[in-house]
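Single-letter residue listing:
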Amino acid sequence: MSLQQTLSDPNVQKFITPFAAGLFAIAVGWVVNQLPPLQNARQGWRVLKLAIEVAILAVVVTSWTDAVKAIWGSDETGQLAGLAYALMVLFLLIVCIDDVWRLVRKPSRSPTIAADPEAARKRHNRQALMDGVRINWIRGVLEKSLYQQTRIELGLEECPEMVSVELQRSGQERRMLPQGRRVFDEFVDLGEGGTLLILGEAGSGKTTLLLELTRDLLAATDAADPDHAVPVVLNLSSWGTVKREGKPVKTLREWLIEELYVKYSRRQEVSEAWLKENTLVLLLDGLDEVREEWRDNCVTAISQFQLDHGSIEIVVCSRIADYEKLKNRLDKFREAVLIQPLSDEQVENYWQQAGHRLDGVRATVQQDAELQALARKPLFLSILSLAYKDTSADELLNQSESERLRLLFDRYIQKMFQQRNTDHRTQAQIKWWLSILAKQMGSEKEFLIERMQPKEWLYQPKHKWQYRLIFGLIFGLIFGLIFGPVGGLISGLIGGPIFGLIFGLTLRLNSIDLVEAIQLPLSHSVRQRVDEQLREWLVLGLIVWLIFGLILGVVIGPINGLILGLIIGLVLGLIVGLINGLKTDIQIRTHPNQGIRNSCNNMLIICGCVIVFTPLLNLLLSQMLALMVDKTTATSIIRGAIALPFLYAFLEGGGKAFIQHFALRVVLHSANRIPWNFTTFFQQAEDRLFIQRTGGSYIFIHRFLQEHFASLAPND
């Protein structure tokens with residue numbers, strides 16, 4: 001049957017007018033909802049738009065009874081026409097419901113922001129960043145820190161010579177900050193563009209002091225005020241290892257953009273706007289954790305960034321011994337403070353508050369001057385108390401510093417296991433996995449399950465081959481199930497794994513790209529990204545499928561093959577372009593492995609959307625192919641043409657990332673490098689005070705403990 005004959009069919013003609021009217025209303029309604037000028041329109045215009053859509057819907061649904069009869073009738077053309085009409089009515093109804101929701105939803109607290117979608121997005125991004133900092137660092141780290149429960153006030157001493165060469169030469173005397181004065185008060189007094197360097201010995205409480213400052217800054221920040229800078233905590237330990245487009249970053253600005261993306265899921269254009277508008281307070285921890293050969297370059301980058309963005313407020317933390325070794329200094333910073341060791345009186349008060357259970361360790365510490373110096377550091381005072389509660393610490397006497405720390409952390413680990421009644425086998429397994437994890441993390445402070453990458457975790461060639469084989473087999477089975485209707489299910493299940501193995505062994509699978517979220521509605525930046533991706537993938541789809549059309553032309557003729565290839569190429573390019581343009585990252589990570597779970601959910605949603613539109617593709621192709629080939633050949637081509645968009649939607653919508661992640665986990669678990677159930681493992685480690693959960697990521701309670709576990713891992 002030709003296209004002209006199809007359109008003249010009475011079963012089709014009765015749906016042409018309502019279908020065209022409904023399709024027009026859907027298209028215009030979607031365009032209106034995306035245009036910023038119309039988004040800012042008063043409610044009256046939206047009521048008028050809704051009234052027109054409802055009127056069109058009322059006219060369109062008059063053919064609903066005929067559509068139901070056609071769908072359940074025996075005429076194939078009428079069935080397809082009725083189904084297409086029903087889908088159109090469903091989408092028009094969704095457009096109307098969306099308008100009703102926009103009319104009745106509770107308005108924003110700020111009328112100005114509610115009237116300006118771009119301002120609302122900025123406010124949303126600011127609030128999401130603040131929530132991320134609060135969940136990850138305040139609730140996840142500060143409120144769970146070892147010495148937060150028995151908080152000891154830290155003494156602070158100004159040391160201006162650390163940030164000014166002139167003051168260092170003049171020999172200006174240091175002064176102690178008044179007792180009870182918060183570092184927040186000192187920072188606020190520095191004014192706009194204030195910069196502060198926090199120094200201290202290892203375990204003196206630098207990170208805790210930085211996070212207390214973060215907590216106070218968050219409390220003083222108004223998310224609705226675009227001019228109020230938002231505090232953000234980042235760890236400098238990743239400096240030198242961060243790459244953009246495969247190249248190491250050389251400026252602090254580039255590093256910040258990448259870190260804000262990885263740690264807080266902020267896209268590049270959002271971070272660039274914040275830096276351009278100077279609306280961030282940078283709280284940078286761990287300068288001493290930067291690799292020694294990169295540390296001076298890091299300081300130089302901070303100084304240059306300060307010159308380029310003079311009004312951005314910055315706080316940097318570092319161990320004083322490592323900072324003093326630097327050739328370059330933060331000589332443009334306004335102030336530096338040094339955390340003082342706890343006084344003997346503070347330590348004694350701590351022992352007394354703890355009661356008689358610490359008498360043994362207290363007596364041991366009083367016998368050794370080096371142990372007394374160790375106990376003046378808040379971290380080690382807490383570790384000593386937990387490790388040697390109800391027991392003596394005599395094994396620490398007359399030991400070298402490194403051996404004393406090894407014994408201390410070994411005892412701490414043993415004590416934490418004993419408190420939870422952990423059997424020896426479970427102890428050994430937890431220690432083994434923590435040692436592998438600590439060594440794998442290296443200088444990184446946070447671990448995200450979904451950010452595990454094959455190129456970083458797979459070292460041995462056999463593990464790389466296993467990973468590719470598992471991916472290929474799973475992909476092949478799915479491929480066989482999808483394309484089974486084309487050549488038969490049995491043929492698909494046999495040929496699919498073979499094709500999957502070839503696919504898995506030949507393609508580069510070193511990077512896992514997640515589809516954590518789909519961003520709607522379309523902001524200006526998202527529309528630009530969608531346009532770029534659509535142009536790129538539509539062109540690629542046309543090229544690939546025009547070639548496919550020429551090959552198919554052997555069966556249906558070259559012209560027909562090119563036309564069919566053009567249609568399929570446009571459909572595939574549209575699907576992949578939209579997915580890549582709309583996909584974004586999780587705004588706030590609240591659960592472990594949230595990225596993989598969201599990728600699976602988005603894959604199901606995207607595949608469902610593709611299935612909804614397959615009847616239209618089926619109708620179009622069936623009418624075309626009826627003029628070209630016999631019915632059996634046409635059926636096979638149509639099934640293949642429908643299966644391909646579904647396969648692409650599955651892979652690009654998050655299915656490929658899920659299979660890669662699953663294959664990686666299988667290989668690593670079989671090699672005993674990771675637990676199969678990360679959530680249970682990390683909960684066990686968190687209960688024993690080895691690990692802290694920060695939103696959806698995990699960190700060791702202190703760098704010292706991470707280094708100790710890393711020393712337990714095998715060298716290979």
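Further up the page is the structure itself.
The next point concerns the overall build of the chain. Helix and strand counts for the chain stand at 30 helices and 13 strands. Per-residue burial for the chain yields a buried fraction of 50% across its 716 residues. Considering only residue pairs separated by 6 or more positions, the chain has 79% of its internal contacts joining residues 24 or more positions apart. Counting only carbon and sulfur atoms, one obtains 58% of the accessible surface of the chain, whose full area is about 34400 Å².

All right, on to the packing of aromatic side chains then. Under the defined criterion, the tally for this structure stands at 19 aromatic pairs. Directly above the aromatic system of tryptophan 294 lies the positively charged group of arginine 291, at a separation of 4.4 Å from the ring centroid. Above the face of the tryptophan 676 ring, arginine 665 is positioned so that its terminal group lies 5.9 Å from the ring centre.

In this structure, histidine 661 sits in helix H28 (residues 631-670). Residue histidine 661 is classed as buried on the basis of its relative accessible area, which comes to 5%. Those residues in contact with histidine 661 that sit more than four places away from it in its chain are Ile449, Glu450, Ile512, Asn593 and Ile596.

Our focus in this paragraph is the sheet that holds strand S8 (residues 313-319). Adjacent strands of a sheet pair through backbone hydrogen bonds, lying either parallel or antiparallel. If you walk across this open sheet you meet the 7 strands as S2-S1-S9-S3-S8-S7-S4, and the pairing is mixed. Since the sheet does not close on itself, it has two edges, and those belong to strand S2 (175-176) and strand S4 (230-235), each with one partner. Bridge analysis of strand S1 (residues 156-158) against S2 gives 2 bridges, and the strand direction is antiparallel. If you follow glutamate 157 over to S2, its bridge partner there is methionine 176. Contacts between helix H12 (residues 252-264) and the sheet are confined to S4 and strand S7 (280-285), with S4 contributing the most and set at about 90 degrees to the helix.

This next bit is on unusual backbone geometry. Residue asparagine 398 is not a glycine yet carries a positive backbone phi of 55 degrees. Relative to the elements of secondary structure, asparagine 398 occurs in the loop between helix H19 (378-387) and helix H20 (401-419). What makes asparagine 398 exposed here is its relative accessible area of 74%. A positive phi angle is found at asparagine 593, which is not glycine, with a value near 60 degrees. Tracing the sequence through the fold places asparagine 593 in the loop between strand S11 (583-584) and helix H27 (594-625). Taking the relative accessible area as the measure of exposure, asparagine 593 reaches 11% and is therefore buried.

Turning our eyes to something else, we now look at the environment of leucine 371. Position of leucine 371 among the secondary structure elements: in helix H18 (residues 369-375). Separated by 10 residues in sequence, leucine 371 and leucine 381 have C-alpha atoms that sit 9.8 Å apart. Excluding anything up to four places from it in sequence, leucine 371 contacts Thr364, Val365, Leu396, Leu397 and Arg404.

Now for the pairing of strand S3 (residues 195-200). Taking burial as the measure, the 6 residues of S3 include 6 buried ones, the bulk of the element. Neither face of S3 is open: one carries Thr195, Leu197 and Leu199, the other Leu196, Ile198 and Gly200, and all of them are buried. With 6 bridges joining them, S3 and S8 adopt parallel strand pairing. Among the inter-strand pairings, isoleucine 198 is bridged to a residue of S8, identified as cysteine 317. Two strands pair when backbone bridges link them, and S3 and strand S9 (residues 335-339) are joined in this way by 4 bridges, in the parallel orientation.

Below, the discussion takes up the nonpolar core. With 150 residues, the main nonpolar core has Leu197, Val316, Tyr412 and Phe690 as its most contacted residues. If you tally residues by element for this core, the top one is H28, at 12 residues. Listed in part, the 10 residues of the second largest apolar core include Leu50, Val60, Ala67 and Val89.

Given a rise of 1.5 Å per residue, 40 residues ought to cover 58 Å, yet the end C-alpha atoms of H28 are separated by just 50 Å, more than 12% below that figure. The sharpest bend along H28 reaches about 65 degrees and sits at glycine 654. At the exit of H28 stands asparagine 672, carrying a positive phi of roughly 60 degrees.

What follows is about helix H21 (residues 424-441). With 18 residues, H21 should reach 26 Å at 1.5 Å per residue; the first-to-last C-alpha distance of 26 Å fits that figure. Among the residues of H21, Gln427, Ile430, Trp433, Leu434, Ser435, Ile436, Leu437, Ala438, Gln440 and Met441 are the ones counted as buried. The secondary structure elements touched by the buried residues of H21 are H20, helix H22 (454-457), helix H29 (678-687), strand S12 (691-694), strand S13 (697-700) and helix H30 (703-712). The N-capping residue of H21, defined by a side-chain oxygen 3.2 Å from the backbone nitrogen of arginine 425, is aspartate 423.

For the rest of this paragraph, the subject is the packing of H21 against H29. The relative placement of two packed helices comes down to the angle between their axes together with the axis-to-axis distance. At a closest axis distance of 11 Å, the pairing of H21 and H29 adopts a crossing angle of 100 degrees. In terms of their interaxial angle, H21 and H29 are classed as roughly perpendicular. Residues Ile430, Trp433, Leu434 and Leu437 of H21 form the contact with H29, whose own contacting residues are Phe681, Phe682, Gln684 and Ala685.

Attention now goes to the pattern of salt bridges. A complete count under the given rule lists 26 salt bridges for this structure. In this structure, aspartate 216 engages arginine 215 in a salt bridge whose closest nitrogen and oxygen atoms are separated by 3.5 Å. Exposure remark for arginine 215: the relative accessible area of 34% places this residue in the partly exposed category. The network of salt bridges with common partners includes Arg182, Asp185, Arg215 and Asp216.

Definitions and limits used
- Residues numbered from 1 in each chain as written.
- Predicted model: local features only at pLDDT ≥ 70, side-chain atom pairs only at ≥ 80, totals over all residues.
- Heavy atoms only, no water.
- Helix = DSSP H or I, 4+ residues; strand = E, 2+ residues; numbered from the N terminus.
- Buried < 20%, exposed > 50% of the residue type's maximum accessible area, 1.4 Å probe, protein only.
- Contact = heavy atoms within 4.5 Å.
- Areas by Shrake-Rupley, 256 points an atom, 1.4 Å probe, with all protein chains shown as cover.
- Phe/Tyr/Trp six-rings, centres within 6.5 Å; stacked < 30°, edge-to-face > 60°.
- Lys NZ or Arg CZ within 6 Å of the ring centre and 35° of its normal.
- Pairing = 2+ DSSP bridges.
- Axes fitted to C-alpha atoms, helices over the stretch in contact; angles between N-to-C directions.
- Core = buried A, V, L, I, M, F, W, Y, C linked by side-chain atoms within 4.5 Å.
- Expected span 1.5 Å × (residues − 1).
- Bend = angle between axes of the 7 residues up to and from the residue.
- Polar contact = N/O pair within 3.5 Å; in protein donor to acceptor, adjacent residues only side chain to side chain.
- Parallel < 35°, antiparallel > 145°, perpendicular 65-115°, else oblique.
- Salt bridge = Lys/Arg side-chain N within 4 Å of Asp/Glu carboxyl O.

Bear in mind that shape data such as this cannot, by itself, settle questions of function.
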